[in-house]
Amino acid sequence: MRKKIVAGNWKMNKSLQEGIELAKEVNNRVKALAPSQTLIILGTPFIHLSEVNKIADSVAISAQNCATEVSGAYTGEVSAAMIASTGCQYVILGHSERRSYYGETDEILQKKVMRALENNLDIIFCVGEVLADREAGKHFDIVKSQLENGLFNLSAEQFTHIIIAYEPVWAIGTGKTATSAQAEEMHQFIRATIASRYGEKTADDTSILYGGSCNAKNADELFSQPNVDGGLIGGASLKADDFLAIINARQKH
Ligand code: PGA
């Protein structure tokens, strides 16, 4: 069965002290919701992982990136093994900011996915088109090729460790959300694409999150869609009140 998930992506925000405060508040408020049917994940910067893991007993922790290489002379890089050694269980890969600002290609992402799997990390793998692609009617082709080239080399067993996040690039941090119909249409397409490679059961068991200006106001409508299993939340994950409102919206459906 696929999971309902609300994942925060803090991006490059919060000092260590601020991050610990936010994580404590979210963790305690999520604990008060028990039993929660929603998996809550906090995607923190690397330096927060270990400290946040110590206080997190009601939320899981995710990194936002990992190195392509196993270990060695790669100054400034953080390996998947190092991430796992903090107690972290997830890693976000293929975010559009990594793809566009840091030149992460499908080939690079394939390597990162392998490193993550070798270290028993589950992966929140992001896909999504830019505005020009959508306007040209190419959004389905783009997302299909991101899935095929980034992930479809995996075995069926390996693919069970994948969560997909559909994040239309034009909706990220812009305040311009995809409509629930646009999200549902793409999520259905993603599920069908997964089914054609791995079969109906795997596709049905895969959680597909929506990301891109998801907030307390629009979360309810987005999560009411049958193929929208949750959200990957950027800006609105930085304040406990906003993030909790989104979690509550997920709990309702
Ligand atoms: P946003 O970011 O919610 O601030 O639009 C989402 C994301 O990039 O994961």
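Residues numbered from 1 in each chain as written. Predicted model: local features only at pLDDT ≥ 70, side-chain atom pairs only at ≥ 80, totals over all residues. Heavy atoms only, no water.

(A) Summary view of the overall build of the protein chain. Each helix and strand in the protein chain was counted, giving 12 helices and eight strands. The C-alpha radius of gyration of the protein chain comes to 17 Å, within 12% of the 18 Å expected for a compact globule of 253 residues. C-alpha extents for the protein chain along the principal axes are approximately 45 × 45 × 35 Å. Counting every position in the protein chain, which comprises 253 residues, the buried fraction comes to 52%. In the protein chain, the proportion of contacts linking residues at least 24 apart, taken out of those at least 6 apart, comes to 73%. Roughly 11,100 Å² of accessible area belongs to the protein chain as shown, and the carbon and sulfur atoms make up 52% of that amount. A gap of 3 Å separates the mean positions of the 25 positive and 30 negative side-chain charges of the protein chain. (Helix = DSSP H or I, 4+ residues; strand = E, 2+ residues; numbered from the N terminus. Rg over C-alpha atoms; globule rule 2.2 N^0.38 Å. Buried < 20%, exposed > 50% of the residue type's maximum accessible area, 1.4 Å probe, protein only. Contact = heavy atoms within 4.5 Å. Areas by Shrake-Rupley, 256 points an atom, 1.4 Å probe, with all protein chains shown as cover. Lys, Arg positive; Asp, Glu negative; His and termini not counted. Charge placed at Lys NZ, Arg CZ, Asp CG, Glu CD.)

(B) Here's a closer look at the site of the ligand. Within the structure, the ligand sits among 13 residues, and Lys-11, His-95, Glu-167, Gly-173 and Ser-213 are positioned closest to it. At 2.6 Å from an oxygen atom of the ligand is found a side-chain nitrogen or oxygen belonging to His-95. Contact distances for the ligand include 2.9 Å between an oxygen atom and a backbone N or O atom of Gly-234. Considering the ligand on its own, with 290 Å² of exposed area, one finds that the protein chains cover 95% of that surface. Among the residues forming the shell around the ligand, the class breakdown is four nonpolar, seven polar and two charged. (Near = heavy atom within 4 Å. Polar contact = N/O pair within 3.5 Å; in protein donor to acceptor, adjacent residues only side chain to side chain. Nonpolar A, V, L, I, M, F, W, Y, C, P; charged D, E, K, R; others polar.)

(C) Structural context of the side chain of Ser-79. One can find Ser-79 in the loop between strand E3 (60-63) and helix H3 (80-85). According to the relative accessible area criterion, Ser-79 is buried, its value standing at 6%. A polar contact is formed between the side chain of Ser-79 and the backbone nitrogen of Met-82, at a distance of 3.0 Å. Not counting residues up to four positions away in its chain, the partners in contact with Ser-79 are Ala-67, Glu-69 and Val-70.

(D) Main features of the pairing of strand E5 (residues 122-127). Counting buried positions over the six residues of E5 gives six, a clear majority of the element. Neither face of E5 is exposed, since Asp-122, Ile-124 and Cys-126 on one face and Ile-123, Phe-125 and Val-127 on the opposite face are all buried. As paired elements, strand E4 (residues 90-93) and E5 share four bridges and run parallel to each other. Counterpart to Leu-93 in the pairing with E5 is Phe-125. Sheet topology places E5 next to strand E6 (residues 162-166); five bridges connect them, and they run parallel. By the bridge assignment, Ile-124 is partnered in E6 with Ile-163. (Pairing = 2+ DSSP bridges.)

(E) The arrangement of the packing of aromatic side chains in detail. Summed over all chains, the structure comprises six aromatic pairs. Centroid distance Phe-152 to Tyr-198: 5.5 Å. Interplanar angle 90°. Geometry classified as edge-to-face. One end of the pair, Phe-152, is in the loop between helix H7 (139-151) and helix H8 (156-159); the other, Tyr-198, is in helix H9 (residues 180-198), and 46 residues separate them in sequence. According to the relative accessible area criterion, Tyr-198 is buried, its value standing at 10%. An aromatic cluster is built from Phe-152, Phe-159 and Tyr-198, whose rings are joined through pairwise contacts. When the ring centre of Tyr-102 is taken as reference, the NZ or CZ atom of Arg-98 above it lies at 4.2 Å. (Phe/Tyr/Trp six-rings, centres within 6.5 Å; stacked < 30°, edge-to-face > 60°. Lys NZ or Arg CZ within 6 Å of the ring centre and 35° of its normal.)

(F) Just the state of the cysteines, in detail. This model, assessed by the stated rule, comprises zero disulfides. With no disulfide partner, Cys-66 has as its closest neighbouring cysteine sulfur the one in Cys-88, 10 Å distant. No disulfide involves Cys-126; its sulfur sits 13 Å from that of Cys-66, the nearest cysteine. Relative accessible area serves as the criterion here: at 2%, Cys-126 is assigned to the buried category. (Disulfide = S-S within 2.5 Å.)

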